[in-house]
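Observations on the three-dimensional arrangement
In case you want the letters, here they are:
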Amino acid sequence: MYLIRHFILFLIFFPGAIAQPNTGDSIQSNRIVTDQKVNDAFQDGEWFRFRMRYGFLNASYATATVRETTFKDQAVYHVAATGKTTGFARWFFKVDDYFDSYFEKDIVRPIRFVRNISEGNYKRHVEIDFDHNTQSGIMNDLLRKTKTEIDFAPNVQDLVSTFYFLRNHFDLEGIQVGETASLHMIYDKKPFAFRFRFLGYENVKTKFGVVPCVKFRPYVEEGRIFKKESGLSLWVSNDNNRVPIKVVAELSVGSLDVDLVDFKGLKHPFNIIVNE
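Residues numbered from 1 in each chain as written. Predicted model: local features only at pLDDT ≥ 70, side-chain atom pairs only at ≥ 80, totals over all residues. Heavy atoms only, no water.

1. Topic: the overall build of the chain
Across its full length, the chain carries three helices and 14 strands. A separation threshold of at least 6 residues defines the contact pool for the chain, and within that pool the share at least 24 residues apart is 54%. With an accessible surface of roughly 12800 Å², the chain has 47% of that area assigned to carbon and sulfur atoms. (Helix = DSSP H or I, 4+ residues; strand = E, 2+ residues; numbered from the N terminus. Contact = heavy atoms within 4.5 Å. Areas by Shrake-Rupley, 256 points an atom, 1.4 Å probe, with all protein chains shown as cover.)

Printed below as a string of structure tokens:
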């Protein structure tokens, strides 16, 4: 059940628990991840539901909902994400995870991030407030009743906002297979680098039909969880929605598959190949 605990939302919002390993490759310039908005991928009311399977076992479901709201007198997007074990898996290990990210609408920058998780006997409830002018923030641990000041690099993202940032700030024009990019992330006290590689284009069979996709490989650390450094693959729809379609993780024991199973409220037409 260790695997379930660490993969509920991780595999959906792929950077969430991946610290950058030493791959031996030099990081190329972030030409393909820009500070300026190059896409307009989502809107108020967008909703995704994902299913995670470990072998034949439906281990969990996760959802993500986008809403427009006002936070600290500022118009923002609020993304509420949840992850829960279900059925047989929940009987062995109960997981109820809730994440909230409030970020600026025009250029995705987090203002507040909330992580409220209950995984067996492990519980964590923290809030991070970001001040991008000073590149610092306050992490409020609501269970331990402590507050910690944190420092971060420019354009840092939280666990949830990272995915929405990439949907709007990832430039596919002129991209070459093998190009890499990185960005800074934080979801606890210490920021870390998230790094990934562009692998090309593939058509993926789904319950909705065949979806043209862009394929990426986030770098992961070979060892206890992953079978190899290249053990994680992500497919995102090759349209203006940039919808997460599928994730496959090759683990030390078995493999995990995450699939988009339901959605609504897309901002753009969903590109599906009818006949292939």
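2. A word on the environment of phenylalanine 196
Here phenylalanine 196 shows up in strand S10 (residues 192-206). Using a relative accessible area of 4% as the deciding quantity, one classes phenylalanine 196 as buried. Along the chain, phenylalanine 196 and serine 182 lie 14 residues apart, while their C-alpha atoms are 6.4 Å from each other. The contacts of phenylalanine 196, once residues within four sequence positions are left out, are Val33, Leu166, Phe170, Glu179, Thr180, Ala181, Phe216, Arg217, Pro218 and Tyr219. (Buried < 20%, exposed > 50% of the residue type's maximum accessible area, 1.4 Å probe, protein only.)

3. Some points on the pairing of strand S9 (residues 180-185)
Among the six residues in S9, five count as buried, and that is most of the element. Here S9 hands over to S10 after six residues, the two strands then running antiparallel side by side. (Pairing = 2+ DSSP bridges.)

4. Examining the pattern of salt bridges
Per the stated rule, a full pass over the model turns up 14 salt bridges. Here lysine 37 ties to aspartate 40 by a salt bridge, and the two come within 3.3 Å at their closest N and O atoms. Taking the relative accessible area as the measure of exposure, aspartate 40 reaches 30% and is therefore partly exposed. Of the charged contacts in the structure, one is a salt bridge between glutamate 202 and lysine 215, with a shortest N-O distance of 3.5 Å. Here glutamate 202, found in strand S10, pairs with lysine 215, found in strand S11 (residues 209-218); they are 13 residues apart in sequence, far enough to count as distant. Judged by its relative accessible area of 33%, glutamate 202 falls in the partly exposed class. Among the charged side chains, a network of salt bridges with common partners joins Arg53, Lys246, Asp257 and Asp259. (Salt bridge = Lys/Arg side-chain N within 4 Å of Asp/Glu carboxyl O.)

5. Some words on unusual backbone geometry
Glycine aside, residues mostly have negative phi, and peptide bonds are mostly found in the trans state. Positioned with a positive phi, lysine 72 is a non-glycine residue whose angle comes to about 55°. Here lysine 72 shows up in the loop between strand S2 (57-71) and strand S3 (74-85). Residue lysine 72 is classed as exposed on the basis of its relative accessible area, which comes to 57%. A positive phi is found at glutamine 135, a non-glycine position, where the angle reads about 50°. Here glutamine 135 is to be found in the loop between strand S6 (122-131) and strand S7 (136-141).

6. Overview of the side chain of aspartate 96
Tracing the backbone through its elements, the reader meets aspartate 96 in strand S4 (residues 95-104). Judged by its relative accessible area of 14%, aspartate 96 is buried. Non-local contacts of aspartate 96, meaning those with residues more than four positions away in its chain, are made with Gly83, Lys84, Arg90, Asn116, Ile117 and Ser118.

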